[in-house]
Amino acid sequence: MVAEIGRCQHMGDGSRGGLLQVAEEPLMIDGSTMCPVDWTIQAARQAVTDDLPLIFPLLSDPDPEVRSVTAYVLAAATGERPHVSSALHARLAKEDDAVARVSLILAIAQLASEHQDEHAPKWARDLWSDPGRPPEVRIGAGLAWLCLATDPAPDELRAFLDDPDTRQYDGLLQPVPWLTWVDRTGVGLRSCIDDMLKPSIPATVLGDPWDEGPSD
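Reading the values: rules and limits
Every residue gets a number counted from 1 within its own chain, in the order that chain's sequence is written. Given that the model is predicted, a residue must reach a pLDDT of at least 70 before its local features are reported, and side-chain atom pairs must reach 80 or more before they are shown or counted; all residues, however, enter totals for whole chains, interfaces and linings. The side-chain quantities take in all heavy atoms of the structure and omit both hydrogens and water. Working definition: rings of Phe, Tyr and Trp (its six-membered ring) pair if their centres are within 6.5 Å, and the pair is stacked with planes under 30 degrees apart, edge-to-face with planes over 60 apart, and tilted otherwise. Secondary structure counts use DSSP, requiring at least four H or I residues in a row for a helix and at least two E residues in a row for a strand, with both numbered from the N terminus. Only Lys NZ and Arg CZ are tested; either one counts as a charge over a ring when it is within 6 Å of the ring centre and within 35 degrees of the ring normal. Here the nonpolar core consists of buried residues drawn from Ala, Val, Leu, Ile, Met, Phe, Trp, Tyr and Cys, with membership extended through side-chain atoms lying within 4.5 Å. Whether a residue is buried, partly exposed or exposed follows from its accessible area with a 1.4 Å probe, protein chains only, as a fraction of its type maximum: under 20%, in between, or over 50%, in that order. We call two residues in contact whenever any of their non-hydrogen atoms come within 4.5 Å of each other. Any cysteine sulfur atom paired with another within 2.5 Å is treated as part of a disulfide.

**Some details on the packing of aromatic side chains**
For the structure on display, the rule yields two aromatic pairs. Where tyrosine 72 meets tryptophan 178, the ring centres are 4.8 Å apart and the plane angle is 85°; that geometry is what we call edge-to-face. Of this pair, tyrosine 72 sits in helix H4 (residues 64–74) while tryptophan 178 sits in helix H11 (residues 177–182); the two residues are 106 residues apart in sequence, bridging distant segments of the chain. Against the face of phenylalanine 160 rests arginine 138, its NZ or CZ located 4.1 Å from the ring centre.

Structure follows, in structure tokens:
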């Protein structure tokens, strides 16, 4: 619940610019209380940071669902980013559950995105482009790269994410918290991939909606 409060503005957004976003616009006001919405969100995120000593041990919980959700929570932390990122990387190195692996990768990428880590896109690319990695690691890293980088998706990544073998993971990875909120009917991963890989339409093709064409 705390993690969801910490990113409530972007829950359900499976786009390249939205999947890993957290912070609220600071000037938005809740009409019922006239309090900045950002205050509530930052308070939730600060609570995660304050309780890091209680949260870190859950990365080693016997239940993989707990480990997955723990990664989701840690990604909302506002402070001690190097410490949090290091803990997530350490867990990823020995994680054997597919859902938890993807959650850890997205959590690492979310922290890197918020803090504008210039090394993160290469880290993600190295993971998804390595055929020796488990498929779920490559899938999670592919999503992470699409969120971290601004370049068009390489043909190699498009082919991998659209491959029928990759599509078999749609249901398996549905419990990943980020993906669950994108589409709660069971196709969160596919919705993200379809959204992130759809071609952009140049403004010159769209045209000016106020342009009624040449006058007589």
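**What to know about the nonpolar core**
Ranked by internal contacts, the top residues of the largest apolar core, which has 57 residues, are Leu88, Leu173 and Trp178. Top contributing element to this core by residue count: helix H6 (residues 98–114), with 11 residues. Those residues in contact with leucine 88 that lie beyond four places of it in its chain are Leu59, Ala71, Leu74, Leu104, Ala107, Ile108 and Leu111.

**Topic: the state of the cysteines**
Disulfide: a covalent bond connecting the sulfur atoms of a pair of cysteines. Evaluation of the coordinates by the stated rule reveals zero disulfides. Free of any disulfide, cysteine 147 has its nearest neighbouring cysteine sulfur in cysteine 192, separated by 7.5 Å.

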